[in-house]
Amino acid sequence: MSQEKVLQITDLSISFTGKVVLDKINLEVYRGQIIGYIGPNGAGKSTTVKIILGLLDRYRGKVEVFGEDIRNKGNAYKKRIGYVPENGEIYDDLTAFEYISFTGQMYGMEPEDIKNKLIRLLEKFDMAESLHKRVSTFSKGMKQKLLIISSLIHDPDLIFFDEPLSGLDANSVMIIKEMMTILAAEGKTIFYSSHIMDVVEKISNRIILLADGNVVADGTFDQLKEKNKEGTLEQIFNQLTGFDQHEQIAADIVAALHGDESNE
Amino acid sequence: MNDFITLKILDRFAGLFRLLSVDYRAMRLILSFKLTMDKRRVPTIMQGDKQKENPMLSAFVKSLLLYAFYGLFLIPFLVIGDNYLFQMSIVFAIIMFILMTSMISDFSAVLLDVRDKAILDTKPVTARTISVAKFVHVVIYMTQLTGAFLLIPFLIGSAVNGVRFSILFFFTIIFVSLFIIVLTALFYMFILRFFDGERLRDIINYIQIFLSVGIIVGYQVLVRTFEFVDYSFTLDFYWWHYLLPPMWFSGSFEWLLLGNSETYIVIFSLLALFIPIFSIVLYIYLVPTFERNLQKLLANSKAKKPKRARVQQWIARIATASVEEESMFRFASKMLRNERDFKLKVYPSLGLSLVFPFIMIFSMRVPDQTPNYTYSYLFAYFVVLMIPTVVHMLKYSNKYKGAWLYRILPVQDQMLFYRATLKAFLIQIFLPITLLIGVIFSVIAGFDQVIHFIVITLTGWLFTIVCYRLLNNQRYPFASNFSFAQSANSAYMFLTMFLVGFLAFLHFLIQLIPYGIYGFVIILIVINIFTWKKILPKKV
């Protein structure tokens with residue numbers, strides 16, 4: 001694997017209305033890596049991704065994508081980036097064909113080229129008959145597949161997936177996981193945010209754990225395991241985020257359901 | 001996709017946009033898809049696999065025709081007399097009201113589309129291109145709207161007042177439109193600066209309601225004031241007239257066409273020229289902040305502190321027969337008060353039913369005569385008239401899919417859902433309105449009106465259950481999609497309106513019999529109890 005640097009983040013900080021969300025983060029990401037980007041809710045995962053994508057501009061520090069500072073480079077670097085947003089924002093009044101034509105052309109592709117690719121892709125995703133249907137009529141899984149197609153149609157080099165598997169059935173999940181492995185082997189870089197630890201553990205060749213705006217762990221799963229002496233990523237996650245009361249809380253919840261007196 | 005005439009026209013200005021360092025290809029692309037979505041905006045769910053598009057009668061075209069109709073009301077002010085300062089002030093006031101409110105109500109969904117951020121900003125286009133595309137999109141919409149609204153008045157005004165008027169009118173219209181666009185955007189910026197997205201949506205909602213009521217009431221009032229308006233009216237100038245934008249624009253007519261060069265007229269004209277330009281500069285300067293604040297639309301709003309409403313709880317308890325029904329009553333009350341689409345479809349008619357009785361009273365007045373209010377309580381049947389609309393709307397909700405909840409509940413008495421909902425409507429909406437009108441009428445016309453309002457209230461209760469049977473007759477409220485709401489059975493609607501007329505007439509006949517009205521109250525109570533039990537029976 002070549003050691004070409006795709007992304008470098010130096011001292012990245014951002015705060016919203018006084019609350020510090022990211023606190024001097026440093027990261028280097030290399031070509032061909034699948035990075036599992038994890039952390040509790042509100043740790044700053046999506047915020048990091050939004051900054052890299054240029055959705056937020058009031059940050060301090062430096063973000064370099066493909067070797068150039070995104071502050072003064074304009075927007076051309078986005079051509080090589082693919083993104084599946086966390087909330088699944090999509091113009092659902094359009095048909096699948098129209099939506100992908102739109103995003104594809106925004107990435108500078110030719111309409112004919114987009115159409116050919118899309119037809120092939122939809123067929124592989126078992127959605128061939130959905131080409132001219134409106135996205136608003138799609139099921140959650142179909143929408144998610146369309147978002148994945150939309151993020152990859154221009155063959156990007158750096159891919160941000162924010163919970164890309166939500167709503168997909170087990171078979172589609174296997175396809176996407178395998179696809180990510182092939183893409184990474186080809187030299188694409190994938191930034192994968194998720195709360196489902198089993199998947200992150202299996203597919204990532206590097207795991208970055210964010211908590212309270214700081215990077216608290218960074219390394220392969222084996223390295224993390226060695227350091228923390230825990231068996232699964234889930235357990236490591238719990239340990240590193242200082243969360244060890246799940247048994248007590250679960251017991252309290254059940255007690256509350258039964259109407260018992262609290263034993264806190 | 002690329003066959004919009006608008007875009008073809010825009011293509012001629014491609015050079016201009018490139019001069020502004022806008023990526024014209026990307027902008028055109030964004031616009032072509034935005035326009036496609038606009039065409040489809042109204043009925044979202046009704047299309048499934050079949051995609052029928054009826055371009056001739058899209059909701060948007062219909063609304064343009066309606067604006068064209070409203071525009072006709074401007075004509076009198078354009079053709080009578082040549083007191084431009086006065087006439088044109090009224091014309092511009094109306095134009096600005098219509099444009100501003102429709103801009104906020106119809107177009108806010110487009111201006112405030114939060115999906116844009118995730119979808120457009122992640123693509124390799126500059127922020128400038130995106131904001132110019134948005135602005136052009138708004139301008140396209142505004143042009144269509146202003147065109148529909150002002151074309152006929154413009155032609156007639158030009159024919160009557162000559163070429164110079166026509167040229168001036170044309171340019172002032174452009175300035176007014178631009179001014180309104182920027183003003184709307186600044187309004188959003190202001191709201192978003194201080195409040196969150198939920199509040200903004202509430203405000204937009206109320207403006208939409210206000211627009212619907214305002215237009216109808218406004219024209220009623222305008223028509224009435226016609227008689228009193230004296231066109232040789234001269235204006236006494238006060239400094240605060242500088243704060244009235246319509247006067248700026250009308251000032252330019254007074255100055256340039258009539259040669260009235262009083263200082264304040266000249267200042268008006270200069271304001272008309274420079275304030276719009278200044279506001280556009282301000283807008284461009286503030287756009288980045290605006291975009292940033294748009295993020296707030298995505299953010300969760302702060303939790304409201306629940307208000308302690310003892311009275312509400314007490315009402316819910318005494319109005320209902322069981323714990324389940326009480327809980328449904330509270331739920332329905334919340335829905336009536338909180339669901340924006342429901343409010344938008346229902347509150348305008350509520351507002352009208354509240355205002356109309358008074359408009360009728362005042363318009364029936366004969367000058368120089370002591371007004372006779374003997375039968376004015378019959379106007380309060382306007383309130384009964386709105387019942388079918390509201391009851392019909394109780395079927396719908398934006399989140400109609402949540403209705404699975406009713407089905408999984410272990411409730412024996414399936415009729416309680418609608419029974420509680422209808423009661424919630426009667427107690428939370430119908431009763432307060434009738435009460436308010438009743439109190440005001442009693443003050444105006446004497447306290448013998450009270451008995452008539454008792455009759456009207458009882459009639460309303462009876463009529464509500466009848467409307468339910470005729471229009472809804474189903475098990476669960478808030479369980480259908482609003483997109484289907486247009487297809488109200490107009491035959492039934494007509495029948496119910498006829499019924500209201502009949503009930504009012506019956507009321508009139510019975511009060512002619514001495515003490516008949518008291519007997520009528522008793523009969524109505526009995527029929528009410530019987531009908532409610534019959535149509536929505538309690539099952540145990």
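Residues numbered from 1 in each chain as written. Chains lettered and ligands numbered in written order. Predicted model: local features only at pLDDT ≥ 70, side-chain atom pairs only at ≥ 80, totals over all residues. Heavy atoms only, no water.

A. Examining the overall build of chain A more closely. Within chain A, the regular secondary structure consists of nine helices and 10 strands. Rg of the C-alpha trace for chain A: 20 Å, near the compact-globule value of 18 Å for 264 residues, within the 12% margin. For chain A, buried positions account for 51% of its 264 residues. The long-range share in chain A, meaning contacts at least 24 apart out of those at least 6 apart in sequence, stands at 65%. Put simply, chain A shows about 12700 Å² of open surface, and 48% of that area lies on carbon and sulfur atoms. (Helix = DSSP H or I, 4+ residues; strand = E, 2+ residues; numbered from the N terminus. Rg over C-alpha atoms; globule rule 2.2 N^0.38 Å. Buried < 20%, exposed > 50% of the residue type's maximum accessible area, 1.4 Å probe, protein only. Contact = heavy atoms within 4.5 Å. Areas by Shrake-Rupley, 256 points an atom, 1.4 Å probe, with all protein chains shown as cover.)

B. View of the packing of helix H13 (residues 310-319) of chain B against helix H14 (residues 323-338) of chain B. Residue and element names in this part refer to chain B. Their axes nearest at 8 Å, the elements H13 and H14 cross at an angle of 130°. Between H13 and H14, the angle is such that the two are oblique. Every pair of crossing elements has a handedness; the one defined by H13 and H14 is right-handed. Contacts between H13 and H14 involve Gln312, Gln313, Ile315, Ala316, Arg317 and Ala319 from the first element and Glu325, Glu326, Phe329, Arg330 and Arg337 from the second. (Axes fitted to C-alpha atoms, helices over the stretch in contact; angles between N-to-C directions. Parallel < 35°, antiparallel > 145°, perpendicular 65-115°, else oblique. Left-handed = near helix turned anticlockwise from the far one by under 90°.)

C. Representation of the UniProt feature "domain: ABC transporter" (unreviewed entry) in chain A within the structure. With numbering matched to this structure, UniProt assigns "domain: ABC transporter" (unreviewed entry) to residues 7-237 of chain A. Segment residues 7-237 of chain A splits into 35% helix and 26% strand. End C-alpha atoms: 24 Å apart. (UniProt positions renumbered as here; feature names shortened; annotations may be inferred.)

D. Examining the domain arrangement of chain B more closely. Partitioning chain B into domains gives domain 1 (5-48 + 57-298) and domain 2 (319-365 + 373-535). Once you take the C-alpha centre of each, domain 1 of chain B and domain 2 of chain B turn out to be 38 Å apart. (Domains from an automatic or database assignment.)

E. Focus on a nonpolar patch on the surface. Residues and elements named next belong to chain B. On the surface, Leu66, Phe69, Leu72, Leu151, Ile152, Leu155, Ile156 and Val160 cluster together into a nonpolar patch covering about 690 Å² of accessible area. Secondary structure elements with two or more residues in the nonpolar patch: helix H4 (59-71) and helix H8 (127-161). For the nonpolar patch, the element with the most residues is H8, which contributes five residues. In this fold, leucine 66 is placed in helix H4. (Patch = residues over 30% accessible without salt bridge, like charges linked within 9 Å, V, L, I, M, F, W, Y side chains within 5 Å. Salt bridge = Lys/Arg side-chain N within 4 Å of Asp/Glu carboxyl O.)

F. Looking closely at the environment of Arg12(B). Tracing the backbone through its elements, the reader meets Arg12(B) in the loop between helix H1 (5-11) and helix H2 (14-19). Classification of Arg12(B) by relative accessible area gives exposed; the value is 73%.

G. A look at the sheet that holds strand E2 (residues 19-30) of chain A. All names here are of chain A. Here four strands make up an open sheet; going across it, the order is E2-E1-E4-E5 and the pairing antiparallel. Of all strands in the sheet, those with a lone pairing partner are E2 and strand E5 (68-69), marking the two edges. Note: strand E1 (residues 5-16) against strand E4 (residues 60-65), five bridges, orientation antiparallel. Paired with serine 13 across the two strands is arginine 60, which belongs to E4. Contacts from helix H1 (residues 45-52) reach E1, E2 and E4, with the element oriented near 115° to E1. (Pairing = 2+ DSSP bridges.)

H. Here's a closer look at helix H8 (residues 233-240) of chain A. Residues and elements named next belong to chain A. Within the sequence span of H8, burial applies to Leu233, Ile236 and Phe237. All buried residues of H8 fall inside an arc of 100° around its axis, so they share one side. Just downstream of H8 lies glycine 242, where phi reads positive at about 65°. (Arc of directions from axis to C-beta.)

I. Just unusual backbone geometry, in detail. Residues and elements named next belong to chain A. Despite not being glycine, aspartate 126 has its phi angle at roughly 65°, a positive value. Relative to the assigned elements, aspartate 126 resides in the loop between helix H3 (111-124) and helix H4 (140-152). According to the relative accessible area criterion, aspartate 126 is exposed, its value standing at 64%. The phi angle at glutamate 163 is positive, at roughly 45°, despite the residue not being glycine. Accessibility expressed as a relative area gives 17% for glutamate 163, which makes it buried.

J. Up close: the packing of H14(B) against helix H15 (residues 340-363) of chain B. Residue and element names in this part refer to chain B. At a minimum axis distance of 6 Å, the contact between H14 and H15 shows a crossing angle of 70°. The angle between H14 and H15 falls in the class roughly perpendicular. Between H14 and H15, the residues in contact are Met335, Leu336, Arg337 and Asn338 and Arg340, Phe342, Lys343 and Tyr347, respectively. Its residues assigned to classes, the contact of H14 with H15 comprises four nonpolar, one polar and three charged. (Nonpolar A, V, L, I, M, F, W, Y, C, P; charged D, E, K, R; others polar.)

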